[in-house]
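Single-letter residue listing:
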Amino acid sequence: MRLPKGPNSLPHHTIFHHLLIVSLLLIKLSNPTSSQPMTVKVGFIFDPASPPGMIANTTIPMALDDFYTANPNSANRMSLLTRTSPGSDIVTSASAALELISQEKVHAILGPGTSPESAFVADMGTKAKVPIISISSTSPSVSHSHSPFFIRAAANDTTQASAIAALVKAFGWRRVVPIYQDDDYGSSLIPYLVDALDNVDAQMPYRQSIPLLANEDEIDTILATLQNEQTRVFIVHMRVALATKVLALARNMGMMSNGYVWILTDGLTSLLSWLPEESVEGVLGLTQYYPMTDRLRKFKTRWTRHFLKDYPKEDLEVAQTLSRYAIWAYDAVWAMANASEHVKQIDNKFANSTNGSTDLSSMGASTTGDDMLQAILNTTFKGLGGEFKFVNGELDVSVFYIVNVNGGKGRTIGYYTPKYGLSKKFPVESNASYSTSRDDIGPVIWPGESTVQPKGWVLPTIGRKLRIAVPGPVQEGFKMILDMETDNTTNQTTATGFVIDMFEAAVEKLPYALPFEYIQVLHVKYDDLVKMIGNGTYDAAVSDMTITYNRSKDADFTLPYMASSLSMVVPVRNERSKNAWIFLKPLKVDLWLGSFAFFVFTGAVIWCLEHRINDEFRGPPSNQLGTTFYFAFSTLVFSHRETIVSNLSRFVIIIWVFVVLILQSSYTASLTSTLTVQRLTPTFADIHELLMSGKNIGYLEDSFTKDFLKRTGFVENRLLPFKSPDSYEEALSNHTIAAVVDEAPYLQVFLNKYCDNYTMVNLPNKTGGFGFVFPRGSSLVTDLSRAILNITEGDESTRIMQKWFGEPLSCPPQDSPLSSHSLDIVSFWGLFLITGATSLFCCLIQLALFLKENRHHIRNITSINSFRKSLRSVARLYDEKDLSSHTFRKSQPSSPYNFGSSPYNFQPDTPMSISNHSGGGPFSSEQMSPVTDEAEMHGNSINETPNHGSA
């Protein structure tokens, strides 16, 4: 049925339009998130009177406005619920956090401002699953690992410990004193700082805490105590309020003047503008590095304007300085806002909670807490301070500025990175190595406007001196090593000697003052003295104490300031030899054999060169052998009578006679020395020979040498103790003992006085040398050892030794006759090389000439005979006279028996005959042909008959 249309009825399309609008409104109301962002409640707890709190109060609203201006379509929006905690009171902060969690149902909390507050609130946040994001709590005492819902959007104080240590190392300071706030913030850094300083061989001789509420009188007393100590390098780690009082009072006491060093940690350096300008002049500091970008410059300008608007009474210098706290707060807000965009569902529900209750046990747990926590931890973006990223629940900060405060402003003098150490610029070149060098930071203007680097210590006016034990009494002969005497009139004790000078020289090399006093300890054994050092009776022992394994069990020793070894002193005896074979002594066996070989070799060479042309080197084999040997050895006294006709032989003889002259002169000199000079040798050459002798041995009383001798095998009744060099000499002279076994320095003292009749024999056993003794674990051992190395590697130790021991002596003295030594072939190998090479060269020339002159004969011989027969034939040919030589060129008659220069009748089946005009040579044929025999019998007449052969 159709409805009638009245005057007030609406058209169908209008009704449909209205129904559509109503449906859309209902859908919108049923799903509010589809049209408006959800609210993320974030609590903010801060101290309105502290610099970090004031900075955060200005920065956080700016960060929220900037984020949502840059991201207008954000699905969720942070709502800031601010609570104050005046004076950074823990109870107030805890109460504010409980109220924000239980009543406001916040999703996260920014703050509170200090580490003690954060530690308590972090536990509440972990229980309620509400992330606690700190922007100023830097103490390692509270961390994400202990409280999973605690996030540090700031640096951990431990990261600056290595930077401070590198700075201390660069300037060479060995001792520093931390002055810190006596609470969790101040004390938690100290253990990490101790470890970092230990890695660079620096120490904290003492540390000074100052209560937060200490008044000026209490601070004055503390500073006066520090002023009377020796260390002048102070590391200040405290909040601005306390640091303002401490630094101002230190300036009033003259502790901001020449010679003092003040290093401010990151928390103070980032707030330099909040400290009195005159109180920080010349100090060093370090603070977090962040790149100065255009975005950061623009923000700094805006931030200054907002800060002065919020705090119009604050100083303009404070407002114009953008600290690390502002950057951390700004980036932390952006991190939370970014994280809230990634949480799938935002609600205000807390499981197992009682609404409105402020009981800790009824807080419940946020249902969105886990998602919010993970979203915050996983947030990374480009923030004001650079790359923003959490590592293990805290901000990754590792690069620091190093600044020097001049005119109230920090002047950058370098940078520190964990990988490269100190550097003058950043970023550092990738191929650079880790550095703690002073050259890698810029110049410094120190307190008192001084440009001279303070040494870091002075002589203290108060404090206990080290009690140095010095054993005594010392026997008269050894007082140059160590002595200590007391003036009966003034009762003043004076220590002298080599040991004392070495110790005091080492102390002067220390990079700090070391007050001490000598205390004489009478009639104590060295082993017992070491135990007294170990149990704390004395602080150290300075003596001629040998470092041994057993002693090192009770105390620590420095590096040896004097090397030592076990030796023995024995009488010397004159061994001027009466041996019938003494004439063989000047030359060693190798030189005798080498000389004999070259005599024979040279004779053989002369025979080869003269045999074919010189009748004196011909004849029967035995005669030729005798002539060769006689000629060779007669050159020893230059009495050879054989005539030399070959120029090659003459050249060989000239070189050989020169060699013989050198050998003869050296032999004569050495033999003369052996026969006329006294030869002093020790009566015992080693400890084992002494052991087998059965004689008594002397040693220094109370020395460890006795135990060594007993371990070597000596029975105790053979070991006699002595106290002085004079007693050594008396016992050695009357043959009570055969030797004295002791350490080399003591024996050298003895030999300085009794050198002519005794000598020192070194033993293979080594000792640790002389060292200074300190209690186990003493830090002075390392420092003094380094100082000892500085002395011993230079000239200072030599100067001290010469002062007390004089110039080193050798026994027997240098002006006493010395024993001679046999000569060996090494000294003459060059001469033998020359004569040998000359002889071989001349032989090669002779052989070449022979082969050239007889090449036709040799060719005929080798063509009709085997190799062996050919070799024998060539040898016989060489054995024959060389009639072409000028020595045989005489007029000869023509004769049917004269066959020229060659006697051969070359018939293959007929034995060869070789004429021997002056007797058969060593290669003569046993069977002669009639022609050869006849020629031999009529040789003289043939030679004398004129040669009528054809012209």
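Residues numbered from 1 in each chain as written. Predicted model: local features only at pLDDT ≥ 70, side-chain atom pairs only at ≥ 80, totals over all residues. Heavy atoms only, no water.

How we decide: UniProt positions are given in the numbering used here, feature names are shortened, and annotations may be inferred rather than shown by experiment.
Looking up the protein chain in an unreviewed UniProt entry gives the name Glutamate receptor, with the organism given as Rhynchospora pubera. Quoted verbatim from the Sequence similarities (unreviewed entry) field of UniProt, the annotation for the protein chain is "Belongs to the glutamate-gated ion channel (TC 1.A.10.1) family." Of the protein chain, the UniProt comment under Subunit (unreviewed entry) reads exactly: "May form heteromers."

## Overview of the overall build of the protein chain
Note the following rule: A run of H or I in DSSP counts as a helix once it spans at least four residues, and a run of E counts as a strand once it spans at least two, with each numbered from the N terminus. We call a residue buried when its accessible area falls under 20% of the maximum for its residue type, exposed when it is over 50%, and partly exposed in between, using a 1.4 Å probe and counting protein chains only. Residue contacts are counted whenever heavy atoms from the two residues lie within 4.5 Å of one another. Reported accessibility uses the Shrake-Rupley method at a 1.4 Å probe radius. Residues are deemed covered only where the shown protein chains occlude them.
Assigned secondary structure in the protein chain consists of 31 helices and 32 strands. The buried share of the protein chain, taken over its 951 residues, is 48%. Residue pairs at least 24 apart in sequence account for 72% of intrachain contacts in the protein chain once pairs closer than 6 positions are excluded. Of the roughly 46,800 Å² of accessible surface on the protein chain, 55% is carried by carbon and sulfur atoms.

## Considering the environment of Ser118
For Ser118, the position within the fold is in helix α4 (residues 115-128). Measuring from C-alpha to C-alpha, the distance between Ser118 and Ile90 comes to 8.5 Å, with 28 residues separating the pair along the chain. In contact with Ser118, other than residues within four places in its own chain, are Pro112, Ser134, Ser137, Val142 and Phe150.

## So, the environment of Leu700
Looking at where Leu700 falls in the secondary structure, it is placed in strand β28 (residues 697-700). In this structure, the C-alpha to C-alpha distance between Leu700 and Pro721, residues 21 residues apart in sequence, is 5.6 Å. Excluding residues that lie within four positions of it along the chain, Leu700 makes contacts with Phe478, Phe722, Lys723, Tyr728, Asp742 and Tyr746.

## Some words on the nonpolar core
Definition in use: For the purposes of this section, nonpolar cores are sets of buried Ala, Val, Leu, Ile, Met, Phe, Trp, Tyr and Cys residues that join through side-chain atoms within 4.5 Å.
Ranked by internal contacts, the top residues of the largest apolar core, which has 89 residues, are Leu110, Ile133, Trp262 and Leu264. With 13 residues, helix α13 (residues 324-340) is the largest single contributor of residues to this core. The contacts of Leu110, once residues within four sequence positions are left out, are Val42, Gly43, Phe44, Ile45, Ile60, Ile133, Ile135, Ala332, Val333 and Met336. The next biggest cluster of nonpolar side chains, apart from the first, holds 52 residues, and it includes Met484, Tyr561, Ala731 and Phe750.

## Quick word on the sheet that holds strand β19 (residues 421-423)
Strand pairing in a sheet is mediated by backbone hydrogen bonds. Such pairs are either parallel or antiparallel. As a reminder, the rule being used: Strand pairing is defined by DSSP finding a minimum of two bridges between the two strands. To get an axis, fit a line to the C-alpha atoms, keeping to the stretch in contact for a helix; angles then go from 0 to 180 degrees between the N-to-C directions.
Pairing is mixed across the open sheet formed by eight strands, whose spatial order is β7-β6-β8-β9-β10-β17-β18-β19. Each end of this open sheet is capped by a strand with a single partner; those strands are β7 (208-210) and β19. With direction set aside, neighbouring strand axes in the sheet form an average angle of 25°. When strand β8 (residues 233-237) meets strand β9 (residues 261-264), the two strands line up parallel, connected through four bridges. Within β9, the position partnered with Val233 by the bridge is Val261. Here helix α8 (residues 216-228) sits on the sheet in contact with β6 (177-181), β7 and β8, set at roughly 170° to β7.

## Looking at the pattern of salt bridges
Note on pairing: side chains with opposite charge can pair once their charged atoms come close. As a reminder, the rule being used: In the sections that follow, a salt bridge refers to a side-chain nitrogen of Lys or Arg positioned within 4 Å of a carboxyl oxygen of Asp or Glu.
Considering all chains together, one arrives at 21 salt bridges under this definition. Residues participating in the shared-partner salt-bridge network are Arg174, Asp201, Asp783 and Arg786.

## Quick look at the packing of helix α18 (residues 589-610) against helix α20 (residues 647-676)
So the rule is basically this: Roughly parallel means an angle under 35 degrees; roughly antiparallel, over 145; roughly perpendicular, 65 to 115; everything else is oblique. Handedness of each helix crossing follows the sense of rotation of the near helix against the far helix: counterclockwise by less than a right angle gives left-handed, clockwise gives right-handed.
Two elements in contact, α18 and α20, have axes whose closest approach is 10 Å; the angle formed by their N-to-C orientations is 160°. On the basis of the axis angle, α18 is roughly antiparallel to α20. In terms of crossing hand, the pair formed by α18 and α20 is left-handed. Across the interface between the two elements, Leu591, Trp592, Ser595, Phe598, Phe599, Thr602, Val605, Ile606, Leu609 and Glu610 from α18 touch Leu648, Ser649, Val652, Ile653, Trp656, Val660, Leu663 and Tyr667 from α20.

## Describing the side chain of Ser565
Position of Ser565 relative to the elements: it lies in strand β26 (residues 565-574). Among all residues touching Ser565, those that are not within four sequence positions of it are Asp742, Glu743, Ala744, Asn765, Lys766 and Thr767.

## Details of a negative patch on the surface
Inclusion rule: Patch membership needs two things, relative accessible area over 30% and no salt bridge, and members are linked within 9 Å if like-charged or within 5 Å if nonpolar (Val, Leu, Ile, Met, Phe, Trp, Tyr). When charges are counted, neither His nor the chain ends are considered; positive counts come from Lys and Arg and negative counts from Asp and Glu. To locate a charge, take atom NZ for lysine, CZ for arginine, CG for aspartate or CD for glutamate.
Together, Glu277, Glu278, Asp315 and Glu317 make up a negatively charged patch on the protein surface. With respect to the secondary-structure elements, Glu317 resides in helix α12 (residues 316-319). Glu317 gets classed as partly exposed once you look at its relative accessible area, which sits at 32%.

## Focus on α13
Selection rule: By this rule, a helix spans an expected 1.5 Å times one less than how many residues it contains.
With 17 residues, α13 extends 24 Å from end C-alpha to end C-alpha; this agrees with the ideal 24 Å at 1.5 Å per step. Among the 17 residues in α13, 16 count as buried, and that is most of the element.

## A word on unusual backbone geometry
The linkage connecting Phe426 with the following residue, Pro427, adopts the cis geometry, with an omega of 0°. Within the secondary structure, Pro427 is located in the loop between β19 and β20 (466-472). Following Gly472, the chain continues into Pro473 via a peptide bond in cis, with omega recorded as -5°. Among the secondary structure elements, Pro473 is positioned in the loop between β20 and β21 (483-486). Non-glycine residue Ser88 carries a positive phi angle of around 50°.

## A closer look at the environment of Glu743
Mapped onto the elements of the fold, Glu743 is located in strand β30 (residues 739-743). Counting along the chain gives 176 residues from Glu743 to Ser567, while the straight-line C-alpha distance between them is 5.8 Å.

## Topic: the packing of aromatic side chains
Defined as follows: The criterion for an aromatic pair is that two Phe, Tyr or Trp rings (for Trp, the six-membered ring) have centres within 6.5 Å, with stacked assigned to planes under 30 degrees apart, edge-to-face to planes over 60 apart and tilted to the rest. In this scheme, Lys NZ or Arg CZ marks a charge over a ring once it lies within 6 Å of the ring centre and within 35 degrees of the ring normal.
Taken as a whole and judged by the stated rule, the model has 40 aromatic pairs. Judged by centre distance (5.9 Å) and plane angle (80°), the ring pair of Tyr289 and Tyr415 falls under edge-to-face. Of this pair, Tyr289 sits in the loop between β10 (284-288) and α11 (294-310) while Tyr415 sits in strand β18 (residues 409-417), placing them 126 residues apart in sequence. When the centroid spacing of 4.7 Å and the interplanar angle of 20° are considered together, the rings of Phe598 and Phe832 count as stacked. Of the two residues, Phe598 is situated in helix α18 and Phe832 in helix α27 (residues 829-853); the sequence distance between them amounts to 234 residues. Among the residues examined, Phe598 registers a relative accessible area of 22% and is labelled partly exposed. Judged by relative accessible area, which is 5%, Phe832 ranks as buried. We note Arg295 situated over the ring of Trp334; from NZ or CZ to the ring centre the distance is 5.3 Å. Between the NZ or CZ atom of Lys455 and the centre of the ring of Trp457, over which it lies, the distance is 4.1 Å.

## Some details on the packing of helix α2 (residues 51-70) against α11
Heads up, the rule is: Throughout this entry, Asp, Glu, Lys and Arg are counted as charged residues, while Ala, Val, Leu, Ile, Met, Phe, Trp, Tyr, Cys and Pro are counted as nonpolar. The remaining residues, Gly among them, count as polar.
Viewed as axis vectors pointing N to C, α2 and α11 meet at an angle of 125°, and their least axial separation amounts to 10 Å. One finds that α2 runs oblique with respect to α11. The interaxial crossing formed by α2 with α11 has right-handed handedness. Across the interface between the two elements, Met54, Ile55, Thr58, Thr59, Met62 and Asp66 of α2 pack against Phe299, Arg302, Trp303, His306, Phe307 and Asp310 of α11. The residue inventory of the contact of α2 with α11, partitioned by class, reads six nonpolar, three polar and three charged.

## Observations concerning the state of the cysteines
To keep things clear, this is the line we draw: A pair of cysteine sulfur atoms is labelled a disulfide when the two atoms are within 2.5 Å.
Across all of its chains, the model carries zero disulfides by this definition. There is no disulfide at Cys608, and the cysteine sulfur nearest it, in Cys843, is 5.4 Å away. Free of any disulfide, Cys842 has its nearest cysteine sulfur in Cys843, 7.2 Å distant.

## As for the pairing of strand β17 (residues 400-406)
Along β17, six of the seven residues are buried, which leaves the element largely enclosed by surrounding structure. Relative to β17, β10 runs antiparallel, the two being bridged by five bridges. Paired with Thr287 across the bridge in β17 is Tyr401. In sequence, β17 turns back onto β18 through a hairpin of two residues, with Gly407 there showing a positive phi of about 65°.

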